[in-house]
Amino acid sequence: MTHPLTVAVLGPGGTGGLLAALLSRSGHRVICLAGDATADALRRTGITVRSPQFGEFTAAVDADTELREPVDACLVTVKHTALDAALTRVPPAVLGDALVVPLLNGVEHPAALRARYRPDRVAPAVIRVESTRLAPGVIEHGSPFTEIDLAGQSVPRGRLDALADRLTAAGTTARAVGDETAALWAKMAFLAPFALLTTRYGVPLGEARTRHRGELEALVAETTAVSRACGAPADPAQALARYDAFPPAAKSSMQRDAEAGRPLELDAIGGALLRAAERHGVPVPVTARLVGELRAAGH
């Protein structure tokens, strides 16, 4: 048995709450970092997960409003819109040698984290999961999978592998991958068309991929072109096949945020895509139009 880790989870929402509960159930010490009300609730009741993959269970966690002790790793699982404010809960001097593992949408956040923490300890990760926080400490996990790719070229590979092993033992499918750019853009190339199209028209994926097929194909072509220009392989036919295989009722997290009146990660996804396109001289007219229409709608 490998020794238990101490893991901080910054933002115990749908993704962070699920991982916190799985790691705790697997025998690790978990410290959830959140606001006063959420931290109080988690200390009292722990985290309850309802999941077709993991069943229903409740796991005890520690919780605080700020990191006050060294940890082995800090999972950053807030929305991009809340990142700057949330990072004040993790003082660099306290974090020390810990791995910083952001599981955020977009491609620009690793640079911001490396400016604040040890650059050779920032390990950007990609997670494929559908998980929603219903209330503080209540997580509904809907997807039959929870897959994590850990990257970070300058991070010691042994530490990435060790964390991937612990996450896999806790129930996810986790692996360390070599190419950070490829990992982040693979997620972006799938997420951006899905998020922009479903949010712009307020429809689930099944309707978006049929009624708005032409726009979906154009978005995929534009996004994969930008991805390739950034040095990441991308296959538009494979991307379209993935959309077609998804359940028709699937909604993007951006669309769920729009329906709930929450701030959208429009700049982290659409804005970042437009900035990368401009840097590399890649024309993205459909992406630009949809981002502009969403911004004009007040998002």
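Residues numbered from 1 in each chain as written. Predicted model: local features only at pLDDT ≥ 70, side-chain atom pairs only at ≥ 80, totals over all residues. Heavy atoms only, no water.

Asks: A description of helix α10 (residues 236–245) should follow, citing residues and the corresponding values.
Replies: For α10, the set of buried residues is Ala239, Leu240 and Tyr243. Summarising the axial view, the buried residues of α10 lie within an arc of 95°, below the 170-degree limit, and thus occupy one face. Away from the buried face of α10 by more than 90 degrees, exposed residues Ala237, Gln238 and Ala245 are located. Buried residues along α10 sit in contact with α7 (180–201), α8 (205–211) and α9 (213–229). Measuring from the backbone nitrogen of alanine 237 back to the side-chain oxygen at the start of α10 gives 3.0 Å, which picks out aspartate 235 as the cap. (Buried < 20%, exposed > 50% of the residue type's maximum accessible area, 1.4 Å probe, protein only. Helix = DSSP H or I, 4+ residues; strand = E, 2+ residues; numbered from the N terminus. Arc of directions from axis to C-beta. Contact = heavy atoms within 4.5 Å. Polar contact = N/O pair within 3.5 Å; in protein donor to acceptor, adjacent residues only side chain to side chain.)

Asks: Requested: an account of the sheet that holds strand β4 (residues 55–59), with residues and values cited.
Replies: Ordered in space as β4-β3-β10-β9, the four strands form an open sheet in which the pairing is mixed. Both edges of this open sheet fall to β4 and β9 (131–135), since each of them pairs with a single strand only. Pairwise comparison of adjacent strand axes, ignoring direction, gives a mean angle of 20° for this sheet. In this sheet, strand β10 (residues 138–141) lies alongside β9 in antiparallel orientation, the contact comprising four bridges. If you follow threonine 132 over to β10, its bridge partner there is glutamate 140. In the packing of helix α1 (residues 14–25) onto the sheet, contacts are made with β3 (47–51), β4, β9 and β10, and the angle to β4 comes to roughly 80°. (Pairing = 2+ DSSP bridges. Axes fitted to C-alpha atoms, helices over the stretch in contact; angles between N-to-C directions.)

Asks: Tell me about the packing of aromatic side chains, residues and numbers included.
Replies: Throughout the structure, instances matching the rule amount to four aromatic pairs. Between phenylalanine 190 and phenylalanine 194, the aromatic rings sit 5.9 Å apart at their centres with planes inclined by 55°, giving tilted as the arrangement. Here phenylalanine 190 and its partner phenylalanine 194 are both found in helix α7, four residues apart, which amounts to about one turn of the helix. Residues phenylalanine 194 and phenylalanine 246 carry aromatic rings whose centres are separated by 6.2 Å and whose planes lie at 70° to one another, so their mutual orientation is edge-to-face. Pair noted here: phenylalanine 194 is in helix α7 and phenylalanine 246 is in the loop between α10 and α11 (253–260), with a separation of 52 residues, a long-range link. Given the relative accessible area of 7%, phenylalanine 194 is considered buried. Every member of this aromatic cluster is reached through a ring pair, and the members are Phe190, Phe194, Tyr243 and Phe246. Sitting over the ring of phenylalanine 57, arginine 25 keeps its end group 4.0 Å from the ring centre. The lysine or arginine in question, arginine 242, covers the ring of phenylalanine 190, its NZ or CZ lying 4.1 Å from the ring centre. (Phe/Tyr/Trp six-rings, centres within 6.5 Å; stacked < 30°, edge-to-face > 60°. Lys NZ or Arg CZ within 6 Å of the ring centre and 35° of its normal.)

Asks: Got a sec to walk through the nonpolar core? Specific residues and values, please.
Replies: In this structure, Trp185, Met188, Val226, Tyr243 and Leu266 are the most contacted members of the largest nonpolar core, which totals 43 residues. Where this core is concerned, the elements lending two or more residues are α7, α8, α9, α10, α12 (266–280) and α13 (285–296). No other element matches α7, which puts twelve residues into this core. With near-sequence residues (within four places) excluded, tryptophan 185 lies in contact with Val107, Val226, Ser227, Cys230, Ala232, Leu273 and Ala276. If you look at the next biggest cluster of nonpolar residues, it comprises 39 residues, including Leu5, Val61, Leu75 and Leu163. (Core = buried A, V, L, I, M, F, W, Y, C linked by side-chain atoms within 4.5 Å.)

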